[in-house]
Amino acid sequence: MHREPQVETDTWQVDGVTLCSRFLLGSAGYPSPQTLREAIRASGTQIVTVGLKRTLARGGDNGFVAIVRAALAEQGARLLPNTAGCRSAREAIELAMMARELYGTAWVKLEVVGDEYTLQPDPAELVEAARALVREGFVVWPYCTDDLVTCRRLLDVGCALLMPWGAPIGSAQGIANPLALRTLRARLADAILIVDAGIGAPSHAARVMEMGFDAVLSNSAVALSGDPVRMAHAFGQAVAAGREGWRAGLIPVQDFAVATTPVGGERVLVGLTDPPIRDPHTTRASRK
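What counts, and at which threshold
Residues numbered from 1 in each chain as written. Predicted model: local features only at pLDDT ≥ 70, side-chain atom pairs only at ≥ 80, totals over all residues. Heavy atoms only, no water. Helix = DSSP H or I, 4+ residues; strand = E, 2+ residues; numbered from the N terminus. Buried < 20%, exposed > 50% of the residue type's maximum accessible area, 1.4 Å probe, protein only. Contact = heavy atoms within 4.5 Å. Areas by Shrake-Rupley, 256 points an atom, 1.4 Å probe, with all protein chains shown as cover. Pairing = 2+ DSSP bridges. Right-handed = clockwise from strand over helix to strand, strands pointing away. Axes fitted to C-alpha atoms, helices over the stretch in contact; angles between N-to-C directions. Parallel < 35°, antiparallel > 145°, perpendicular 65-115°, else oblique. Left-handed = near helix turned anticlockwise from the far one by under 90°. 1 Å grid on protein atoms, 1.4 Å probe; cavity = no way out; pocket = protein on both sides within 12 Å on 5 of 7 lines; lining within 4 Å. Points joined across faces, edges and corners; volume = space filled by probe spheres on them. Nonpolar A, V, L, I, M, F, W, Y, C, P; charged D, E, K, R; others polar. Phe/Tyr/Trp six-rings, centres within 6.5 Å; stacked < 30°, edge-to-face > 60°. Lys NZ or Arg CZ within 6 Å of the ring centre and 35° of its normal. pLDDT = per-residue confidence, 0-100.

(A) Layout of the overall build of the protein chain. Each helix and strand counted, the protein chain has eleven helices and twelve strands in total. By the burial criterion, 44% of the 288 residues in the protein chain qualify as buried. Put simply, of all contacts in the protein chain between residues at least 6 apart along the chain, 62% involve residues at least 24 apart. When the accessible surface of the protein chain is split by element, carbon and sulfur atoms take 52% of a total near 14900 Å².

This is the structure:
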């Protein structure tokens, strides 16, 4: 009797909330509110960030948040206010308090910029703000660098997860320091890690997920593209594909060719730089 294969649900949780999508979408820079609404729908996202400081600077949201909320309600998604533009812990804390009152959520993406050129997060101010907000009952999502020590400090003060950058925000460089991100994933194995900033293409997002990260956030790469709705869909698909690749188990990268079809019943290795020929799949134990 034919049986359809069972598809295992791949969910994750933050603050007791179960999520299915692993793609987070920013809401700034879209050509129109309607384009943003369609992009949210096309991406399949369940979390959309919104900057309160930017909203206040333009004299109110002019119905912007209502449009976002309507789009989120269609797919059971949530709003994640951020403190983008803040330069000190005090400023970020005050803005987070305002966001909680305005949007009715204790979730906050914490951003404290320390350098005007790179927009790199200020580690000291970030940890100070995170500590204070956790004490006030916030679920803190800190945007940080890929520095392992800073990330540990943020977890120690009670952050629910970490959002290390892939590259400077808006740069579209992708993963600027793969070693640092791989180190974070290995050393903080039990933490929720979401790569944020610098992601410029769906392929970048897929690569992040193939490294074992829990989710990806992108804004500029979608909003400023030629077709934000189509790009949002592409990112959602890339994140899902990268996640499935990681779950399936990627084969290791080799420095030499490994013949798929053995010749004469034996594996044939062709060295690219003529290294000693040995079978990389032979275990240490079997060589003894």
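The rest of the description comes next.
(B) Region of interest: the pairing of strand β10 (residues 215–218). By the alternation rule, side chains of β10 split into A215 and L217 and V216 and S218, which are all buried. Strand direction decides the pairing type here: strand β3 (residues 23–26) and β10, joined by three bridges, are parallel. Bridging from a neighbouring strand, L24 pairs with L217 of β10. Examined bridge by bridge, strand β9 (residues 194–196) and β10 share three bridges and lie parallel to one another. Paired with D196 across the bridge in β10 is L217. The handedness of the β9 to β10 crossover, carried by helix α8 (residues 202–210), is right-handed.

(C) Region of the structure containing the packing of helix α1 (residues 33–43) against helix α10 (residues 228–248). Orientation of α1 relative to α10, taken along the N-to-C sense of each, is 25°, at an axis distance of 7 Å. One finds that α1 runs roughly parallel with respect to α10. Considering how the two elements wind past one another, α1 and α10 form a crossing that is right-handed. Here T35, E38, A39, A42 and S43 of α1 come into contact with α10, specifically with P228, V229, A232, H233 and G236.

(D) Quick look at the layout of surface pockets. Looking at the largest pocket, its volume works out to about 550 Å³. If you trace the largest pocket, you find 31 residues lining it, with A28, K109, I169, N219 and S220 closest to the centre. Of all the secondary structure elements, the ones that give two or more residues to the lining of the largest pocket are β4 (47–51), α2 (52–57), β10 and α9 (220–223). Here the lining of the largest pocket gets three residues from one element, more than from any other, and that element is β4. For the lining of the largest pocket, the residue count by class is twelve nonpolar, 13 polar and six charged.

(E) Layout of the packing of aromatic side chains. By the definition in use, this model includes two aromatic pairs. Seen in terms of ring centroids, F23 and F235 are 5.6 Å apart; in terms of plane orientation they differ by 15°. Their pairing is stacked. Here F235 lies in helix α10 and F23 lies in strand β3, a separation of 212 residues in the sequence. For the pair shown, F23 and F235 are each scored as buried. Geometrically, the ring pair formed by W107 and W141 is tilted, given 5.1 Å between the ring centres and 45° between the ring planes. Note that W107 is positioned in strand β6 (residues 107–110) and W141 in strand β7 (residues 139–144), a separation of 34 residues in sequence. Here W107 matches W141 in class, with each residue buried. When the ring centre of Y143 is taken as reference, the NZ or CZ atom of K109 above it lies at 5.5 Å. Seen from the ring of F213, R185 lies directly overhead, with NZ or CZ sitting 5.8 Å from the centre.

(F) Broad picture of the confidence of the model for the protein chain. Mean pLDDT over the protein chain works out to 87, with 84% of the residues at or above the 70 mark. Low pLDDT (under 50) marks residues 273–288, which in the prediction has eleven contacts with non-local residues, meaning those over four places away or in another chain.

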